[in-house]
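Remarks on the overall topology
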Amino acid sequence: MDHSPVGNLDQPFLDAAAVCSTLLRADALRERWAEPSALPELSVGALACHLARQVTRAAELLAAPAARPALAAVDEHYDRAAWVTAESVDDPANDRTTDDAEAAKGVDWMLARFDADLAAVTDRLPAASDTVDIPWQGWSLRRDDFLHTRLLELVVHSADLAASLDVPAPEFPDAAFAPVLALLARLAVRRHGQGAVVSTLTRRERAQNISAF
């Protein structure tokens with residue numbers, strides 16, 4: 001079944017990036033840059049750089065020609081991605097060296113790159129191809145599906161970063177948040193089954209520890 005989002009995700013992606021921009025400029029981020037984050041083996045700075053790099057990925061890939069066939073649906077991307085099936089933070093699919101190297105450059109470097117890449121994405125989206133290569137995965141995604149994956153990263157890691165800073169998680173516009181919520185729900189059902197997800201959402205006495213990944 002095709003689970004692509006209805007409508008174009010260009011503007012929702014830009015709106016979500018704007019929400020993250022505010023979080024990335026929080027005073028607490030600069031103060032806690034070198035401290036451990038809420039995620040294992042990742043500093044606050046490295047997590048912030050990972051979040052910001054989702055916009056960098058969009059800037060890079062939207063400018064490149066697509067040479068591979070596109071997957072039929074965004075869900076298939078998560079069925080295939082090695083990091084989804086990795087069982088340890090030490091798995092090569094979860095390599096953190098890029099995050100750590102970028103964090104070593106500091107918060108001002110991160111913000112300058114983020115702002116430049118967000119401006120580039122804004123300029124490139126109107127003329128971007130309908131298919132986007134994901135070279136490190138070995139496949140392509142339809143443009144909305146690619147933006148859907150970046151939206152998920154922005155929403156999920158902004159919550160991780162907010163938890164690391166002890167600040168409330170940012171609120172995203174419905175057009176940006178709803179596709180992420182639907183995708184996470186589908187992935188959780190595929191992993192745990194309908195009954196487990198329904199019980200967790202509706203019955204405290206039968207709630208289970210479930211996740212999409």
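The structure reproduced in this document is the subject of the present report. Treat the numbers as computed from the prediction; the structure is a model and nothing was measured. (Residues numbered from 1 in each chain as written. Predicted model: local features only at pLDDT ≥ 70, side-chain atom pairs only at ≥ 80, totals over all residues. Heavy atoms only, no water.)

Overview of helix H1 (residues 10-24)
This is how it is decided: In DSSP terms, a helix is any run of H or I states spanning at least four residues, a strand is any run of E spanning at least two, and both are numbered starting from the N terminus. Given the number of residues in a helix, its expected span is that number minus one, multiplied by 1.5 Å. Exposure is judged per residue with a 1.4 Å probe applied to protein chains only, and the accessible area is read against the type maximum: over 50% gives exposed, under 20% gives buried, and values in between give partly exposed. What makes two residues a contact is simply this: any of their non-hydrogen atoms within 4.5 Å.
Taking 1.5 Å per residue, 15 residues should reach 21 Å; H1 reaches 21 Å between its end C-alpha atoms and fits that length. Counting buried positions along H1 yields 11 of 15 residues, so the element is predominantly enclosed. Within H1, the full set of buried residues consists of Asp10, Pro12, Phe13, Leu14, Ala16, Ala17, Val19, Cys20, Ser21, Leu23 and Leu24. Elements in contact with the buried residues of H1: helix H2 (27-32), helix H3 (44-62), helix H7 (107-124), helix H8 (143-165) and helix H9 (174-192).

Examining the packing of H1 against H8
The condition that has to hold: Axis definition: a line fit to C-alpha positions, over the contact stretch in the case of helices; interaxial angles, taken between N-to-C directions, run 0 to 180 degrees. Between 65 and 115 degrees an angle is taken as roughly perpendicular, under 35 as roughly parallel, over 145 as roughly antiparallel, and anywhere else as oblique. Handedness of a helix crossing follows the sense of rotation of the near helix relative to the far helix, less than a right angle counterclockwise being left-handed and clockwise being right-handed. Classification convention: Asp, Glu, Lys, Arg as charged; Ala, Val, Leu, Ile, Met, Phe, Trp, Tyr, Cys, Pro as nonpolar; all other residues, Gly among them, as polar.
Close contact between H1 and H8 brings their axes to 10 Å; oriented N to C, the two are set at 20°. When the axis of H1 is compared with that of H8, the two are roughly parallel. For H1 against H8, the interelement crossing comes out left-handed. When H1 is examined against H8, the residues Asp10, Pro12, Phe13, Ala16, Ala17, Cys20, Leu23 and Leu24 are found in contact with a partner set consisting of Arg143, Leu147, Arg150, Leu151, Leu154, Ser158, Leu161, Ala162 and Leu165. A class-by-class count of the residues in the contact of H1 with H8 yields 13 nonpolar, one polar and three charged.

A word on the side chain of His50
The test is simple: We call two N or O atoms a polar contact when they sit within 3.5 Å, provided that within protein one can donate a hydrogen and the other can accept it, with sequence-adjacent residues counted only if both atoms are side-chain atoms.
With respect to the helices, strands and loops of the structure, His50 is situated in helix H3. Here Asp99 takes part through its side chain, which lies 3.2 Å from a polar atom of the side chain of His50. With residues near it in sequence (within four places) discarded, His50 still touches Asp99, Glu153 and His157.

Focus on the environment of Ala28
Relative to the assigned elements, Ala28 resides in helix H2. Using a relative accessible area of 16% as the deciding quantity, one classes Ala28 as buried. Counting along the chain gives 136 residues from Ala28 to Ser164, while the straight-line C-alpha distance between them is 9.6 Å.

Thoughts on H8
Here H8 spans 33 Å end to end across 23 residues, near enough to the 33 Å set by a 1.5 Å rise per residue. Asp166 sits one or two positions beyond H8 and adopts a positive phi of about 60°.

Quick look at the environment of Val55
Secondary-structure assignment places Val55 in helix H3. Put simply, Val55 and Leu147 are 92 residues apart on the chain and 9.9 Å apart in space, counted from C-alpha to C-alpha.

Quick word on the packing of H3 against H7
Interaxial distance between H3 and H7 falls to 8 Å at its minimum, and their mutual angle equals 35°. Read as a crossing pair, H3 and H7 show a hand that is left-handed. Where H3 approaches H7, its residues Ala48, Cys49, Ala52, Arg53, Val55, Thr56, Ala58, Ala59, Glu60 and Leu62 are matched on the opposing element by Met110, Arg113, Phe114, Asp117, Leu118, Ala120, Val121 and Arg124. When the residues that make up the contact of H3 with H7 are grouped by side-chain class, the tally is 12 nonpolar, one polar and five charged.

Some thoughts on the pattern of salt bridges
Stated precisely, the cut-off is as follows: Each salt bridge in this description consists of a side-chain nitrogen of Lys or Arg and a carboxyl oxygen of Asp or Glu lying within 4 Å of one another.
A complete count under the given rule lists 14 salt bridges for this structure. Here Asp79 makes a salt bridge to Arg190, at a shortest N to O gap of 2.4 Å. Taken together, the residues Asp79 in helix H4 (residues 74-80) and Arg190 in helix H9 connect sequence positions 111 residues apart. Residues participating in the shared-partner salt-bridge network are Arg53, Asp99, Glu102 and Arg113.

Some details on the packing of aromatic side chains
Using the following cut-off: Only rings of Phe, Tyr and Trp enter the pairing, Trp through its six-membered ring, and a pair is recorded when the two centres are within 6.5 Å. The plane angle decides the type: under 30 degrees is stacked, over 60 is edge-to-face, the rest tilted. We call a charge positioned over a ring when the NZ of a Lys or the CZ of an Arg lies within 6 Å of the ring centre and within 35 degrees of the ring normal.
Summed over all chains, the structure comprises one aromatic pair. Taking 5.7 Å as the distance between ring centres and 40° as the angle between the ring planes, the aromatic pair formed by Tyr78 and Phe213 counts as tilted. Of this pair, Tyr78 sits in helix H4 while Phe213 sits in the segment after helix H10 (194-202), and the two are 135 residues apart along the sequence. Seen from the ring of Trp136, Arg57 lies directly overhead, with NZ or CZ sitting 4.3 Å from the centre. One Lys or Arg, Arg80, reaches over the ring of Trp139 and ends 5.7 Å from the middle of that ring.

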